[in-house]
Amino acid sequence: MDKAGTVVVKSRHANRILKRYLFLLLSLLLFGCGTSNNDTTSETDLEELTKIEVTEYEGQDLSSLTDFRENSIKGPQYIDIDTYMLKIDGLVEQPASLSYDEVLDNQKYTKVVTLHCVEGWSVDILWEGVLLADLFEGVNVQERADTVIFYSEDGYSTALPLQTIMDRQLMLAYKMNGVELPPERGFPFQLVAEDKLGYKWIKWITRIELSDDADYEGYWEQRGFDNKADVKP
Ligand SMILES: Nc1nc2c(c(=O)[nH]1)N[C@H]1C(S)=C(S)[C@@H](COP(=O)(O)O)O[C@H]1N2
Ligand SMILES: [Mo]
């Protein structure tokens, strides 16, 4: 072995390591790591997610994220998180436009809450999210605001009294049963409208408007559904 030969061998070896490293890096970029749902812009394999979802919490059995009947007005929305912004505006002193990470940069809460659809089915889900009250702290809600109107990517909307949101400490969920909300379930955010019927649980929220229009009617409310939407025991 002469000196030159050793150098050749060494550089071939280095080349191989570099190639392997690049391959790994590329696969990571393309496929991501772990089971988190990295691509939210196309259909999710929900069956695959049931393998990692939480099925029981503090002794209570949970429903599965596949137990929902998908009946959204325009079908699932696939939101690109890189360009997504949640707007909070209307009767506020400092309107805000928050990225996904900025919304998540708040105290997180977890709670099992049941969603009841008017069609007669319901699901018990472990939700993880942030409080609307915490989001509102950053925008300074004006005195005369008494209503919160939510708008969605699919043109859907609904509203709740500001008082209800504060009293009930309602949250915006970004996870269900320990799994990031899949697009089919409302990624990036669904309103956990505790004790209100399913049509108040707006998915794919893009804008939250503080308003003084207490009679505002959302998509289903305009079509005859009760604006209070209380779940009857
Ligand atoms: N943006 C949006 N959110 C929505 C809806 C919708 O059509 N669009 N449907 C509502 C209804 S009627 C119910 S019961 C719940 C749960 O619906 P899912 O089973 O289709 O997820 O989402 C609510 N949120
Ligand atoms: Mo519903």
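Residues numbered from 1 in each chain as written. Chains lettered and ligands numbered in written order. Predicted model: local features only at pLDDT ≥ 70, side-chain atom pairs only at ≥ 80, totals over all residues. Heavy atoms only, no water.

A few words on the side chain of Glu194. Checked against the element boundaries, Glu194 lands in the loop between strand 11 (190–192) and strand 12 (205–211). Accessibility expressed as a relative area gives 14% for Glu194, which makes it buried. (Helix = DSSP H or I, 4+ residues; strand = E, 2+ residues; numbered from the N terminus. Buried < 20%, exposed > 50% of the residue type's maximum accessible area, 1.4 Å probe, protein only.)

In the structure shown here, the tally under the stated rule is nine aromatic pairs. For the ring pair Tyr100 and Phe187, a centre distance of 5.6 Å and an interplane angle of 45° mean the geometry is tilted. Placement of Tyr100 in helix 3 (residues 100–104) and of Phe187 in the loop between strand 10 (179–180) and strand 11 is noted, with a sequence separation of 87 residues between them. Clustering of aromatic rings is evident, with ring pairs tying together Tyr156, Tyr199, Tyr219, Trp220 and Phe225. Lying across the ring of Tyr219, Arg223 places its NZ or CZ 3.6 Å from the centre. (Phe/Tyr/Trp six-rings, centres within 6.5 Å; stacked < 30°, edge-to-face > 60°. Lys NZ or Arg CZ within 6 Å of the ring centre and 35° of its normal.)

All right, on to a negative patch on the surface then. On the surface, Asp146, Asp213, Asp215 and Glu217 cluster together to form a negatively charged patch. Here Asp215 lies in the loop between strand 12 and helix 6 (219–222). The exposure class of Asp215 is exposed, given its relative accessible area of 65%. (Patch = residues over 30% accessible without salt bridge, like charges linked within 9 Å, V, L, I, M, F, W, Y side chains within 5 Å. Areas by Shrake-Rupley, 256 points an atom, 1.4 Å probe, with all protein chains shown as cover. Salt bridge = Lys/Arg side-chain N within 4 Å of Asp/Glu carboxyl O. Lys, Arg positive; Asp, Glu negative; His and termini not counted. Charge placed at Lys NZ, Arg CZ, Asp CG, Glu CD.)

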